[in-house]
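# Coordinate analysis (summary)
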Amino acid sequence: MIAKAQQILNQTFGFQSYRDRQEDIIHSVIAGRDCLAIMPTGGGKSLCYQIPALVFDGLTIVISPLIALMKDQVDALRLNGINAAFINSTQSASEQNQILNDAETGKIKLLYCAPERLIGGANPLIHWLKRCTVSLFAIDEAHCISQWGHDFRPEYLALHQMATAFPTVPVMALTATADKLTRSDILSKLGLRNPGIFLSSFNRKNISYTIEQKSQSFGRLMDFLMGHKDDSGIIYCLSRKSVESIAERLRDEGVDALPYHAELDRKTRQENQELFQNDKVQIIVATIAFGMGIDKSNVRFVVHMDLPKNIESYYQETGRAGRDGLPSEAILFFSYGDVQKLQHFIQIDDNKEQTKILKKKLNQMAEYCQIDTCRRQYLMNYFDEAFPDHCGNCDTCLTEFEFEEATENAQKALSAVARLEQNFGMGYVIDFLKGSKSKKIHAHHRQLKTFGIGDNMTKESWQAFFRHLLKDEILIQNGFEMPVLGLTDRSWEILKGQKPYQIKKVKTKESQKAEGENLEKALFEKMRSLRKILAEGESVPPDVILSDASLLELATYLPKDSDELLRISGFGIIKIEKYGKDFLKVIHSYCEENQLNSRIHYKKRVSPGKVNKITDTKTESFELYKKGKSIEEIAEIRSMASSTIEGHLAGFVGKGIIPIEKFVDIKTQAMIHKAIQQFGMGSLKMLKENLPPSISYGQIQMVMAKNRS
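Heads up: these notes are all about the structure in this document. Please read these numbers as outputs of a predicted model, since none were measured by experiment.

Parameters and conventions
Residues numbered from 1 in each chain as written. Predicted model: local features only at pLDDT ≥ 70, side-chain atom pairs only at ≥ 80, totals over all residues. Heavy atoms only, no water. Helix = DSSP H or I, 4+ residues; strand = E, 2+ residues; numbered from the N terminus. Buried < 20%, exposed > 50% of the residue type's maximum accessible area, 1.4 Å probe, protein only. Areas by Shrake-Rupley, 256 points an atom, 1.4 Å probe, with all protein chains shown as cover. Pairing = 2+ DSSP bridges. Axes fitted to C-alpha atoms, helices over the stretch in contact; angles between N-to-C directions. Parallel < 35°, antiparallel > 145°, perpendicular 65-115°, else oblique. Left-handed = near helix turned anticlockwise from the far one by under 90°. Contact = heavy atoms within 4.5 Å. Nonpolar A, V, L, I, M, F, W, Y, C, P; charged D, E, K, R; others polar. Phe/Tyr/Trp six-rings, centres within 6.5 Å; stacked < 30°, edge-to-face > 60°.

### Some details on the overall build of the chain
Summing up its helical and strand segments, the chain has 32 helices and 17 strands in all. Judged by the C-alpha coordinates and their principal axes, the chain covers about 90 × 65 × 55 Å. Taking all 709 residues of the chain together, the buried fraction comes to 51%. As presented, the chain carries roughly 33500 Å² of accessible surface, and 49% of it is formed by carbon and sulfur atoms.

### Quick look at the pairing of strand S6 (residues 171-175)
For S6, a buried count of five out of five residues is recorded, marking the element as mostly surrounded by other parts of the structure. Residues Val-171, Ala-173 and Thr-175 point to one face of S6 and Met-172 and Leu-174 to the other, with burial holding for every one of them. One ladder, built from four bridges, connects strand S1 (residues 35-38) with S6; its direction is parallel. Note on S6: the bridge partner recorded for Cys-35 is Met-172. Relative to S6, strand S5 (residues 134-139) is paired through three bridges, and the arrangement is parallel. For Ala-138, the partnering residue across the bridge sits in S6 and is Met-172.

### Quick notes on the sheet that holds S1
The strand order across the open sheet formed by seven strands is S3-S4-S2-S5-S6-S1-S7, and the pairing between neighbours is parallel. Two strands bound the open sheet, and with one partner strand each, they are strand S3 (84-86) and strand S7 (196-199). Taken over all neighbouring pairs, the strand axes of this sheet differ in orientation by 15° on average, direction set aside. Pairing analysis gives four bridges linking S1 to S7, with the strands arranged parallel. Directly across from Cys-35, in S7, lies its bridge partner Gly-196.

### Some remarks on the packing of helix H2 (residues 22-30) against helix H3 (residues 45-55)
Here H2 crosses H3 at 40°, and the two axes come no closer than 9 Å. In terms of orientation, H2 and H3 fall into the oblique class. Judged by the twist between their axes, the crossing of H2 over H3 is right-handed. Here H2 contributes Gln-22, Ile-25, Ile-26, Val-29 and Ile-30 to the contact with H3, which in turn contributes Leu-47, Cys-48, Ile-51, Pro-52 and Val-55. By residue class, the composition of the contact of H2 with H3 is nine nonpolar, one polar and no charged.

### Quick look at the pairing of strand S8 (residues 207-213)
Residues in a regular strand point their side chains to alternate faces of the sheet. Most of S8 sits out of view: five of its seven residues are buried. Taken together, the seven bridges between S8 and strand S13 (residues 328-334) define a ladder with parallel strand orientation. From the neighbouring strand, Ile-211 faces S13, where its bridge partner is Leu-332.

### A closer look at the packing of helix H13 (residues 311-318) against helix H15 (residues 352-370)
To describe two helices that pack against each other, one gives the angle between their axes and the distance between the axes. H15 packs onto H13 with a crossing angle of 55° between their chain directions and a minimal axis gap of 8 Å. It follows that H13 is oblique to H15 by the angle criterion. Across from Ile-311, Glu-312 and Tyr-314 in H13, the residues of H15 making contact are Lys-361, Gln-364, Met-365 and Tyr-368. Along the lines of polarity and charge, the residues of the contact of H13 with H15 split into four nonpolar, one polar and two charged.

### Concerning the packing of aromatic side chains
Scanning the model with the defined rule gives 17 aromatic pairs in all. Taking the centre distance of 4.4 Å and the plane angle of 10° together, the rings of Phe-202 and Phe-383 count as stacked. Taken together, the residues Phe-202 in the loop between S7 and S8 and Phe-383 in the loop between helix H16 (375-382) and strand S14 (401-405) connect sequence positions 181 residues apart. Its relative accessible area of 3% is what places Phe-202 among the buried residues. With 6.1 Å between their ring centres and 85° between their planes, Phe-465 and Tyr-501 make a pair best called edge-to-face. Separated by 36 residues along the polypeptide, Phe-465 in helix H19 (residues 459-471) and Tyr-501 in the loop between helix H20 (489-495) and strand S17 (502-506) bring together distant segments of the chain.

Next comes the structure, spelled out in C-alpha cells:
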C-alpha cells in the first residue's frame, strides 16, 4: 500500500515528493489509525485523505462545511481522472439518488457531504452507508467542532457517532487553524481512538506581514496595486456593500477587479471565481465567503480592508497567498473603530460563554495589529509554536523605531481617569478630555478642572494614546461587558511626576532622512506665516486655508507649478486658483536661494478614488444646475426637497466639478470644519445639532464630500 500511495502521488497528482508531514499522515491512515492533522493553509491537507482514498478499495466520506468547498474539491479531483461527487441541498432528489447508487456500486471513490446531511435530518446518510464498504472518514475544517475555535458549528458535535457506527473505519480530522485548547477539544469531541497527532509548522516564511492605519486606505491600496500590476490578489472586505464599492472604485481606476459575496446570484459568483482562478481577472474583491478550498497557487497578495474577527481567520485568509512558495504579501488596514463595530457582530444570544470566547479572540486580533514587536512571532506563539523575536519579513522587523516624550499627555489621561473615580470606559474618558458638548457627559463632570484639558489632540489620537497606555500596563480595563479604565501603581508614579512616560513610535521619514523627502523646516515656517496672513484676510482659522499636513508636503516636495500642486494633499482647483500663486512664489524664492529643485517625483501617487457615486438622478439635478437653475427651482421641477437636491450636488462638489464656494461661504465652511474636528463625520445629525440652525444638511454634506476628496 505504501508503494501504491507513492505511485498515486507521482502519476495521478503529478508530485515527485511529499511535503512536510504528508507522508507520515498518509502512512498512519493507511495503517488504519485515527489521526489529527494540523497543517497550514496551502500545506496540502487534501492529499492526506485523497491518496488513502485511492489506495483503499472502498468509499471515502469527506465531511466539509461549505458547498463551494465541496464543488471545488470535486472538480479538481475529476480533472485528475478521479471519480468523486458531492451530495447537498442544491441537487434534486433524483440527482442525489443517482449519486448514492453510484457510491453503493463502487463507481465513486470520494463522496463529499455536510455534517448535517451525514448525521441529521429524517434520512441521515450514516444509515445508508451501512450498505457500502466505507474505508475512511475525513473531517475537513475540524476546528468547527470546538467552541474554543473561531468557527464553531453545533452540527459538528454529532460526528462522534461515526466512531460508534463504524468502529473499525479510521477517522481523520484536518484543520489549518487550531490552538492547543481547540486541538484538545477536537480529540475529545470526535472520540478519536489512539490517534496519531501531526503538527506542521505554522510559519509561512514566504509571506510578508504588514499592518497599516486605515485612514486613506483606498489611496494606499492603489499605491500598492500600481507596483503589482501583473500580480493576482485577493482583497477582503467585511460587508457586501464594501465589496461592491471597492470593486467598482478599482475598475474606475483601471484595475481589473471583480466582486464576490453571498448575495450575488450563484451564476455570477461562479463566473467571477472561474475568471479569477483562470487568470482572466487579476483581482477578486470578496467577503470571507470567498476562498474556502480555493487552490490558486499564484496569489501574490492578500489585502484586508477591514479587521478579521480573530487570528485564525486572518491566518487562514492570508495563507491563500503564496501557495507556490514564492514571496507574497499580506496587508491589513487597521482602525480601532473596526474593533468596536465587530463587538456588536460577535454577540451570541443566550450564550455568554461563547460570546466571551469570541470577544477574547477579537481583542487578540486587535492586539496583533498594535504590537511593535515581530508579527510572525506573535502568530506562531498564538498557535503554541516557539519562534525567535525577529523574522526579518514583517513590517515591525523592517522598521526603525524611536521614543517620543509623552509624559504630559499621560498625566492628562491618568488625571481624567482618577477624577472620574475609575468608573468609566475609554470612550467617555476621551469625550471628557476633549470637553465634549454631548449630553452623555454628566453635568457635575463638566465642573471638574480636568474637563476639556485634552483638546490638544484629536479623538482618534487619544484613542491610539490610550491603547499605548493599556499595552504598557499604565492603565488596566476592569469588567467584561462594559470595561472601565483603572489605574495602577505605575499610573500614580507618572501622575506624581516620579517617572516619565515615552511612546515607542515608528521613525518618521523625516528622522530617517530618506532621500528626496527631507523636510525644509525654514520653508515650512515661511508658509505658516503666509497661511496666517491669508487666513486673517479671509477671517477664518489658518487650517481652513491649508492644514499643517499640506504645508509639510509643500515643504518636503517643493512643487514648482500648478500641475505639481495638484499632487499635494488639500490643493484642489479652487484653492490653487485662490492661493496657488502665493505659495508657489514663496517656494520658488526659497529654492533659488538654496539651489533646490522640485521633489514631487518622490511623492507616491495616492488616488482619491470615487468620493461619491454619481447616479443618474444626481446627474439629472446637475444638468439642471448647469442650465442656471437654483436649488429651489430644481427641487420644484423634480418634485423633491431642496435638501435632497443639495445632497445630489454634494457629489459634484466632492469631485471638484462644482466649487464649494457656490453654496457654502468660507466662514460657514470654517464652522462646519470645526464641528467635524470635534464630532467626526460619522453622524450627519450630530453635526447639524451642533451647528447654527441656518446651516443646512446639504451644506454640511458638501463640506463632508470636499473633506473626503
